[in-house]
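What the coordinates show
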Amino acid sequence: MNNADEFLKAAIDEAKIGLSQKGIPIGSVLVLDGKIVGRGHNKRVQDNDPITHAEIDCLRNAGRVGSYKNTVLYSTLMPCYLCAGAVVQFGIKKVYAGESETFQGAKEFMQSHGVEVIDLKNEECINMMNDFIKNNPELWNEDIGEL
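All of the points below concern the structure found in this document. Here the structure is a predicted model, which is why all the values come from computation and not from measurement.

**With respect to the packing of helix α3 (residues 54–62) against helix α4 (residues 81–90)**
Where α3 contacts α4, the axes come no closer than 8 Å and their chain directions differ by 35 degrees. Across the interface between the two elements, Glu55, Ile56 and Leu59 from α3 touch Leu82, Cys83, Ala86 and Phe90 from α4. Across the contact of α3 with α4, the residue classes break down as six nonpolar, no polar and one charged.

What follows is the structure in structure tokens.
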């Protein structure tokens, strides 16, 4: 297993925690110098907070790390504009997304600000989101602002 696989697996584990809490199964980890320094999952449902997306929860849990230019963010789903804005704001230069098939996200926005974005097209991430969307369409549409 290479590092990208290991870190994506950690993000998937976070997504599964969110799902087990009746939340939206999106997970994220922040890596610095080959080590996970933050992890999180979408807690919009659990915390009744529309801002607590996986990447935001991950960054909060990482705390202050100084410069983010050498960090790498892994997320099970292509980050939305809210989370992409945080990536750009903090100067994170590389993002690995588990998939963008179920949600296109803000890949072009991040790229236009110099972020390298790698879509891993991971089957487990795709299947997890497809199952969730099929079983929870109203909750999903609320999460992506399409109610």
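**Points about the environment of Thr102**
Note that Thr102 resides in the loop between β4 (94–97) and α5 (107–112). Residue Thr102 is classed as buried on the basis of its relative accessible area of 17%. Spatially, the C-alpha atom of Thr102 lies 20 Å from that of Glu116, the residues being 14 residues apart in sequence. Residues within four places of Thr102 in sequence aside, it is in contact with Leu77, Ile126, Met129, Asn130, Ile133 and Trp140.

**As for the pairing of β4**
The sheet contact formed by strand β3 (residues 71–75) and β4 spans four bridges and is parallel. Within β4, the residue paired with Leu73 across the bridge is Val95. With α4 bridging β3 and its parallel neighbour β4, the resulting β-α-β unit is right-handed. When β4 meets strand β5 (residues 116–119), the two strands line up parallel, connected through four bridges. By the bridge assignment, Tyr96 is partnered in β5 with Ile118.

Reading the values: the criteria
- The numbering scheme is per chain: residues are counted from 1 as the chain's sequence reads.
- Only residues with pLDDT of 70 or above have their local features reported here, since the model is predicted, and side-chain atom pairs are shown and tallied only from 80 upward, although totals for entire chains, interfaces and linings are computed over all residues.
- Here the side-chain values reflect all heavy atoms present in the structure, with hydrogen atoms and water set aside.
- Axis angles are defined between N-to-C directions and span 0 to 180 degrees, where every axis is a line fitted to C-alpha atoms and, for a helix, only to the segment in contact.
- By the criteria applied, helices consist of DSSP H or I runs no shorter than four residues and strands consist of E runs no shorter than two, each listed in order from the N terminus.
- What makes two residues a contact is simply this: any of their non-hydrogen atoms within 4.5 Å.
- Residue classes follow a fixed rule: Ala, Val, Leu, Ile, Met, Phe, Trp, Tyr, Cys and Pro count as nonpolar, while Asp, Glu, Lys and Arg count as charged, and any other residue, Gly among them, counts as polar.
- Exposed residues in this analysis have more than 50% of their type's maximum accessible area, buried residues have under 20%, and partly exposed residues fall in between, with area computed by a 1.4 Å probe over protein chains only.
- Two strands pair under a simple rule: DSSP has to find at least two bridges between them.
- We call a crossover right-handed when, viewed with both strands directed away from the observer, the connection leading from the first strand over the helix to the second proceeds clockwise.

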